[in-house]
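Coordinate analysis (summary)
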Amino acid sequence: TFDDQGLAPGAYVSLQWMEHGFKLGAEELDSETGGYMPNGYPRLFDTSNPVDESGYGTPGLEGEHGKVLVVQQTGGHKHWKANELGGIITFDFASPVEEVLELGLLNVVERVLIQVTDSNGSTHSVEVPAGGSGSYKEILLDVLQGTQVKVVLSGPVAVTHISICSTPLLSLQWPTDM
């Protein structure tokens with residue numbers, strides 16, 4: 001999850017999870033589709049407090065999902081809305097992770113395309129259909145040796161979490177004398 005207690009809601013993030021082996025980036029979906037991404041960073045949005053004192057907020061991002069990642073709508077630091085026209089959030093891994101397991105999405109009002117690139121340069125794509133305002137989806141990815149995850153948002157969708165296995169799984173053996 002992105003609930004690092006050292007990061008305030010509303011922080012723009014990129015390198016904060018390097019100890020977990022990845023950095024974040026954000027960009028426009030297409031030319032002139034907007035989004036406020038200082039230095040190409042996505043923003044943390046606190047779902048437990050979705051509206052600030054100015055009344056800005058994003059319908060559908062309320063709830064107990066903690067801090068989530070959004071491409072912010074143009075409007076500066078105080079504009080807490082996820083960009084209505086979407087954007088792209090990218091997870092770049094410092095070295096291939098053993099497995100990219102799952103991605104959580106909130107407020108899937110428009111379709112989302114998830115592209116996972118592996119160490120061979122192959123791209124594995126999953127299209128997530130729209131589910132309506134406030135919808136929550138956990139998408140199983142199961143891609144080995146992932147080097148990048150690109151989340152292409154067609155609307156004001158938030159990323160709630162990413163699950164990766166960055167070390168080899170241990171082989172467990174059941175006791176034979178039961």
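First, a word on what this report is: a plain description of the structure on this page. The structure displayed is predicted, hence computed values, not measured ones. (Residues numbered from 1 in each chain as written. Predicted model: local features only at pLDDT ≥ 70, side-chain atom pairs only at ≥ 80, totals over all residues. Heavy atoms only, no water.)

This next bit is on the overall build of the protein chain. When helices and strands are counted, the protein chain shows 0 helices and 8 strands. The order of α-helices and β-strands along the protein chain, N terminus first, is β-β-β-β-β-β-β-β. Considering the protein chain as a whole, with its 178 residues, one finds that 47% of them fall into the buried category. Considering only residue pairs separated by 6 or more positions, the protein chain has 71% of its internal contacts joining residues 24 or more positions apart. (Helix = DSSP H or I, 4+ residues; strand = E, 2+ residues; numbered from the N terminus. Buried < 20%, exposed > 50% of the residue type's maximum accessible area, 1.4 Å probe, protein only. Contact = heavy atoms within 4.5 Å.)

This brings us to the packing of aromatic side chains. Ring pairs (aromatic) are described by centroid distance and by the angle formed between their planes. Under the defined criterion, the tally for this structure stands at 6 aromatic pairs. Centroid distance F2 to W17: 5.5 Å. Interplanar angle 75 degrees. Geometry classified as edge-to-face. Of this pair, F2 sits in the segment before β1 (22-27) while W17 is found in the segment before β1, placing the two residues 15 residues apart along the sequence. For F2, a relative accessible area of 1% gives the class buried. Of the residues examined, W17 reaches a relative accessible area of 4% and is grouped as buried. (Phe/Tyr/Trp six-rings, centres within 6.5 Å; stacked < 30°, edge-to-face > 60°.)

What follows deals with a negative patch on the surface. Taken together, the side chains of E27, E28, D30 and E32 make up a negatively charged region of the molecular surface. Within the secondary structure layout, E32 lies in the loop between β1 and β2 (43-46). (Patch = residues over 30% accessible without salt bridge, like charges linked within 9 Å, V, L, I, M, F, W, Y side chains within 5 Å. Areas by Shrake-Rupley, 256 points an atom, 1.4 Å probe, with all protein chains shown as cover. Salt bridge = Lys/Arg side-chain N within 4 Å of Asp/Glu carboxyl O. Lys, Arg positive; Asp, Glu negative; His and termini not counted. Charge placed at Lys NZ, Arg CZ, Asp CG, Glu CD.)

A few words on the environment of G63. Structurally, G63 can be placed in the loop between β2 and β3 (67-70). According to the relative accessible area criterion, G63 is partly exposed, its value standing at 26%. With 14 residues separating them in the primary sequence, G63 and N49 have C-alpha atoms 8.3 Å apart. Discounting residues that sit within four places of it in the chain, G63 has contacts with T47 and S48.

Our next topic: the side chain of S135. Looking at where S135 falls in the secondary structure, it is placed in the loop between β6 (123-128) and β7 (136-153). Judged by relative accessible area, S135 falls into the buried class, the value being 13%. From its side chain, S135 meets the backbone oxygen of G132 in a polar contact 2.8 Å long. Residue contacts for S135: discarding those within four places in its chain leaves L105, L106, N107 and V108. (Polar contact = N/O pair within 3.5 Å; in protein donor to acceptor, adjacent residues only side chain to side chain.)

In terms of nonpolar packing, the biggest core is built from 33 residues, with F91, L105 and I114 touching the most fellow members. Counting residues per element, the ones that place at least two in this core are β1, β4 (87-106), β5 (112-118), β7 and β8 (158-165). Considering each element in turn, this core owes the most residues, 7 residues, to β4. Once you skip the residues sitting within four places of it in the chain, L105 turns out to touch V112, I114, V128, S135, Y136, K137, I139, V151, V157, A158, V159 and T160. Residues V68, V70, W80 and A82 belong to the second largest nonpolar core, which totals 8 residues. (Core = buried A, V, L, I, M, F, W, Y, C linked by side-chain atoms within 4.5 Å.)

From the geometry alone we can't say anything about function, so treat these as descriptive.
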